[in-house]
Amino acid sequence: MRFMNHVLTVGLGVLGAGLVASLPAAAGDMVEMDSAQVETTEEMQEQAEEMQAEETTETTIVDVASSSGEFEILVAAVEAAGLVEVLSGEGPFTVFAPTDAAFEALPEGALEALLMPENQALLAQILTYHVVSGTVTSGDLVEGDVATVEGSDVTVSLGDSVMVNDATVVMPDIEASNGVIHVIDKVIIPPSLLSELDVEKPAL
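None of these values were measured; they are calculated from a predicted model.

> I would appreciate a short explanation of unusual backbone geometry in the present structure.
Negative phi characterises most residues that are not glycine, and trans characterises most peptide bonds. Following Gly91, the chain continues to Pro92 via a peptide bond in cis, the omega torsion being 0°. Positive phi values are uncommon outside glycine, yet Asn165 reaches one of about 55°. Along the chain, the position of Asn165 falls in the loop between strand S5 (163–164) and strand S6 (167–176). On the accessibility criterion, Asn165 (8% relative accessible area) is buried. Not every positive phi belongs to a glycine, and Asp173 is a case in point at roughly 60°. Considering the arrangement of structural elements, one finds Asp173 in strand S6. When its relative accessible area of 31% is taken as the criterion, Asp173 is described as partly exposed.

Here it is as structure tokens:
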């Protein structure tokens, strides 16, 4: 009987020692698992932050125009006039943006002449005539004269369609991070430049 008790005691001791010996390894495995989980969580958080940063990246007026297939000439003109930095700035600006077809409708040779380096100032004057300070959505437009960044006024008319001088707004309210774009179907020219470009004065 004593022998059996001794064997049982020794057996239990060995079993207990084995369990105790195995505890550090198990705990270590748990620590390793926790570390892996932390790393995975951190990676997921970093990915989420990167995605959020991409979603909130500012898309300026120049970015919007560049990404559209309708404003290739406008973008080229903005670059030639040295206005990319200005129209990518804080603003806000409202831009009445002529389509490529609108630029192509200018008198023969006018566009090519405007894009020449020696006519940069003239081109900048025409382009800034299409820009109004502030964000003016279609709902904010009112009839009458509106001062442009160029310095001259454009005349806004409201009716069956919205007119800016003799140009029709064909697509309003394209939002950008630094303003809004209204697409127009004609290039509008400052009155002081009409004779220089051999363009008829619009009927207002």
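> What's the story with the nonpolar core in this structure? I'm lost.
Proteins that are soluble and globular tend to have nonpolar side chains buried together. Ranked by internal contacts, the top residues of the largest apolar core, which has 35 residues, are Leu74, Phe103, Leu106, Leu127 and Val187. At the level of elements, helix H2 (61–67), helix H3 (72–80), strand S1 (93–98), helix H5 (100–104), helix H6 (110–114), helix H7 (120–128) and strand S7 (179–184) are the ones that each hand at least two residues to this core. Val164, Ala167, Ile184 and Ile188 belong to the second largest nonpolar core, which has nine residues in total.

Scoring rules and cut-offs
- Residues numbered from 1 in each chain as written.
- Predicted model: local features only at pLDDT ≥ 70, side-chain atom pairs only at ≥ 80, totals over all residues.
- Heavy atoms only, no water.
- Helix = DSSP H or I, 4+ residues; strand = E, 2+ residues; numbered from the N terminus.
- Buried < 20%, exposed > 50% of the residue type's maximum accessible area, 1.4 Å probe, protein only.
- Core = buried A, V, L, I, M, F, W, Y, C linked by side-chain atoms within 4.5 Å.

Distances and angles like these do not, on their own, reveal function.
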